[in-house]
Amino acid sequence: MELRNELLKSIWYAFTALDVEKSGKVSKSQLKVLSHNLCTVLHIPHDPVALEEHFRDDDDGPVSSQGYMPYLNKYILDKVEEGAFVKENFDELCWTLTAKKNYKHDKNGNCTLSDHDAFRLWCLFNFLSEDKYPLVMVPDEVEYLLKKICTEMNVEWCAGELDDYFTQEPLQQNGITVWVFLELVNSGRFTRGIEKETVTMAVEEVYQEIIEDVLKQGYLWKKGQLRRNWTERWFILKPSILSYYVSEDRKEKKGCIALDRNCCVEILSDRDGKRCMFCVKTPSRTYEMSASDTKQRQEWTTAIQTAIRLQAEGKKSLHKDLKQKRHDQRALREKQKAAKEEELQRLKQLQEEKERKLQELELLKEAQRQAETLLKEEEQRRKQQHEEMQKALEIQLQQAEQARASMQAEMVLKEAEADRQKKRIRELEDMQKLLEEALHAEVTARQEEEAKRYAQTRLLSEEEDKMKALMQLKEEQEELIRKTQREKQELKQEMDNKSKILEEAQKQLEEVRVNRQRADQDVVAAQKKLRQASSHVKHWNVQMNRLMHPIGPGDKRPTATPTVGTSFRGTIGGQKDGRVKLLGKLEEKDDASEHGKENLHQSLSNCPSNASSIVEMETTALNGQLKRNSMEVRKPVQRSSTEDSEDNPTEELMR
C-alpha cells in the first residue's frame, strides 16, 4: 500500500502535466503513451488494446483522472512487484513529463539548483508531502527538509528566514506546492555564499538518507575471514543490510551483511595495531571493523543498532517511521489547538455570562436605590402625619385648658365631672407618649423590615425551587395515598368475600351435623329392626329343628309336609329378602354420608384456613362415628347369617 501511494504521487504529476488545458482530462493517445512508458519502467507487460477496451463505451473525448484510475489500478499498479524495478527511473520519467511544463529555472544559469538537484528535491518533496491531492508539504516538513540540507552543508539553520517567508505569504500557511518549494530554494534565502557543488552534495546526502534509506555510509577497515588481513572498504548501511564496496563510487561490490533481530554490535578493545574497533555479530559469523576515530565508531555502532531495532520492530524504513511520528505529533498539536480554542470559546462565554450577571446586578442596585427613595418618601409622609396629629393634640389640649378655665366657676358643682376630665386628659397624654413610642418602634421596625426584605428577595428563588420540590413530593404522597386506599379497599373486599365463604361453610357444617344426627337415628332404628329380625330368625330356627327330625320306616308322612316345606322356603326367602333390604338401606345411608362428606370437603376448600381446620376436625369425628355405627350394624347381620348357615343344613343343601 505504501509503494502504491508513492507511485500514485509521481503519476499524478505526470497526468497533470499532460492536462494542458487544466480541465482535469487527458486525451486517450497521451494516456496510451504514458501507460506504455509506465509499464516499461515498471518492468511489467503492456497491453495496448486494454486501454481501448476499457474506454470502449466512452468515446466522447478526453479521460478524467477519476476515469483513468480504474485502468491504472487494474492493468498497471496491481501487477507491480516491489524490487522488480528501479524506483529512481520511474520517478525520473514522471519528473521529465512534469518539469517541462511546471519547473521554471533561470536560463542565465543563476539558479542555486541544477536540474538533477531539482529532481532530487522533487522526490524528497513527494516523500514528505501529505497524502492529499493536490500534493502540498506543510511548513513543519519544509522546515525539517531545509534543516537537514543545511546540516549536511555544515551551515547553521536560521528558522527566522522561513518564518518571515510564511508571514509574507499567508496563503501558504496550510502548505506549499513543489514548484513553490523549488522556487524558494532557488531564491537563495538559505544558501547565501554557498557553492553549487556543496548544495548538490548536501541534496544527494539527504536524498540517499531519506529516499534510499541509507542510515550511514563511509570508509571502515574490515578484517578478512580467511586471510585475516585488514582492508579499507566503503560501507553503506540500510535498515536490512550492511553492504561494502571497493570504493565510494560503488561500482564493485565486495559483499553484504544481512541484519535481523538476532544480530548485535559490540565494542572491541584495540589490538593488531588497530584502534576504535567494533564487531557485528550475526548468527553465522562475526565481522570485525575499525573506524577512524572514536566519534565515527560511536556513530556507526548507533546506526547499526538503529537498523537492528527497526528489523526487530518489523519496520522497513526509518524515515517513514519518523514521518508518521511527525504526522501524529502534528495531529496531536492540532487536536490540542482545537481543544485550546474550545476552552477559549468557553471562557469567552463565561465572560459574557459574567458581564450579563453584572448588568443584572446593576439593575438590582438601581431597583434598591429606587426602593430606598420610596422608603424615604414614605418616612417623610408618616412624619408629616405625626406632626399633624401632634398639632391636633395640642389644639385639643388648648381647648381642654380653655374649657377647664371656663368651668372653674362651676368646679364646686361639677367636681366629679372635672375629675373625669382630668383623668381623660392624663389618658390622652399617656396615649400621646405611647403613640410617640409606637411611632419610633414602627420606624425601627420598618428599617429592619427593609433590611430583611432584601435578604428575603435573595432567598426567593431558592424558596421557589424548594416549593416546586415540595409540590412534587406532595403529588407523589397523594399518589401513594390513593394507591394505599385502593389496596385497602381491595383487602377489605377480599375479607368480606372470605367472611361470606366462612358463613357458608358454617351453614354446611350445621347441615352435616343434622345429617349425622339423622344417620344416628337411622342406625338406631336399623339396629332395632335387626334385633327383631334376629329374634324371628331364632324362633323359626327352633321350629325348623322340630320339623327336620328324620322319619323312621314305619312313620307316616304327613300330608301337610309339602305345604310346610313350601312355607318354610317362603319364610326363609322372606327372611333373606328382609336382610338384603336392610343391608341396602345401610349402604344407601353410607352413600348419603359419603355424599355429605364430599359436599363438606367442597365447602371447606372455599373457607379460610382457620374455619377449614375446625370443619376438618368435625368431619373426621363424624366419619369415625359413621364407620363405628356401620360396623356395629354389619356384625349382627354377619353373625345371624353365620348362625343361619350353621342351624339350617337343609338350607345349605338347597343352596
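Look up a bit, the structure's there.
If you're wondering where the values come from, they're calculated on a predicted model, not measured in any experiment.

### Brief notes about helix α8 (residues 159-168)
Turn by turn, an α-helix covers 3.6 residues, leaving residues three or four places apart pointing in a common direction. Looking at α8, one finds that the buried residues are L162, Y165 and F166. Considered in projection along α8, the buried side chains sweep an arc of 90° and stay on one side of the axis. Set apart from the buried face of α8 by more than 90 degrees, the exposed residues are T167 and Q168. Elements in contact with the buried residues of α8: α7 (139-152) and α9 (178-186).

### Remarks on helix α5 (residues 87-102)
The end-to-end C-alpha distance of α5 is 22 Å, a good match for the 22 Å that 16 residues give at a rise of 1.5 Å each. Of all the bends in α5, the greatest, near 25°, is centred on T96. The complete set of buried residues in α5 reads F90, D91, L93, C94, W95, T98 and A99. In this structure, the buried side of α5 is in contact with α1 (2-18), α2 (28-42), α6 (115-128) and α9.

### Focus on the packing of α7 against α8
Two packed helices can be described by the angle between their axes and the distance between those axes. Where α7 contacts α8, the axes come no closer than 11 Å and their chain directions differ by 145°. Every pair of crossing elements has a handedness; the one defined by α7 and α8 is right-handed. Between α7 and α8, the contacting residues are P139, V142, E143 and L146 on the first element and A159, L162 and F166 on the second. By residue class, the composition of the contact of α7 with α8 is six nonpolar, no polar and one charged.

### A closer look at the sheet that holds strand β9 (residues 286-290)
To summarise the sheet geometry, strands pair through backbone hydrogen bonds and adopt either a parallel or an antiparallel arrangement. What the seven strands build is an open sheet, ordered β6-β5-β4-β3-β9-β8-β7; its pairing is antiparallel. Two strands lie at the open edges of the sheet, namely β6 (253-258) and β7 (264-267), each paired on one side alone. Taken pair by pair, the neighbouring strands of this sheet meet at an average axis angle of 35°, ignoring direction. Here five bridges tie strand β8 (residues 277-281) to β9, and the two strands are oriented antiparallel to one another. Considered in β9, the bridge of C279 is made with E288. Across the sheet, helix α11 (residues 294-313) lies against β3 (216-223), β4 (230-237), β5 (241-245), β7 and β8, angled at about 105° from β3, the strand it touches most.

### Regarding empty space enclosed by the protein
Summed over the entire model, instances satisfying the criterion amount to eight cavities of 30 Å³ or more. L113, L121, L146, I149, C150, M153, V185, F190, T191, V199 and V203 are the residues that line the second largest cavity. Those elements giving two or more residues to the lining of the second largest cavity turn out to be α7 and α10 (196-210). Among the elements that take part in the lining of the second largest cavity, α7 stands out by supplying three residues, more than any other. Residue classes in the lining of the second largest cavity are distributed as ten nonpolar, one polar and no charged.

Conventions used here
- All residue numbers refer to positions counted from 1 along the written sequence of the respective chain.
- With the structure being a predicted model, the display of local features is reserved for residues of pLDDT at least 70 and the display and counting of side-chain atom pairs for 80 or more, all residues being used for whole-chain, interface and lining totals.
- Excluded from the side-chain calculation are hydrogens and water; included are all heavy atoms of the structure.
- Exposed residues in this analysis have more than 50% of their type's maximum accessible area, buried residues have under 20%, and partly exposed residues fall in between, with area computed by a 1.4 Å probe over protein chains only.
- Going along the chain from the N terminus, every DSSP run of H or I of four or more residues is numbered as a helix, and every run of E of two or more is numbered as a strand.
- To obtain the arc, one takes the directions from the helix axis to the C-beta atoms.
- For this analysis, residues touch if any pair of their heavy atoms sits within 4.5 Å.
- Expected span of a helix: the number of residues minus one, times 1.5 Å.
- Note that the bend at a residue is defined as the angle between axes fitted to the seven residues ending at it and the seven residues starting at it.
- Axis lines are fitted to C-alpha atoms, over the contacting stretch for helices. Their N-to-C directions set the angle, which ranges from 0 to 180 degrees.
- For a crossing to be left-handed, the near helix must be turned anticlockwise from the far one by less than a right angle; the clockwise case is right-handed.
- Any residue outside Ala, Val, Leu, Ile, Met, Phe, Trp, Tyr, Cys, Pro, Asp, Glu, Lys and Arg is labelled polar, Gly included; the first ten of those are nonpolar and the last four are charged.
- Whether two strands pair comes down to DSSP finding at least two bridges between them.
- Each cavity reported here is a set of points on a 1 Å grid over the protein atoms alone in which a 1.4 Å probe fits but cannot get out, each pocket an open set with protein on both sides within 12 Å along at least five of seven lines, and each lining residue one with an atom within 4 Å of a point.
- Grid points are joined across faces, edges and corners, and a volume is the space filled by probe spheres set on the points.

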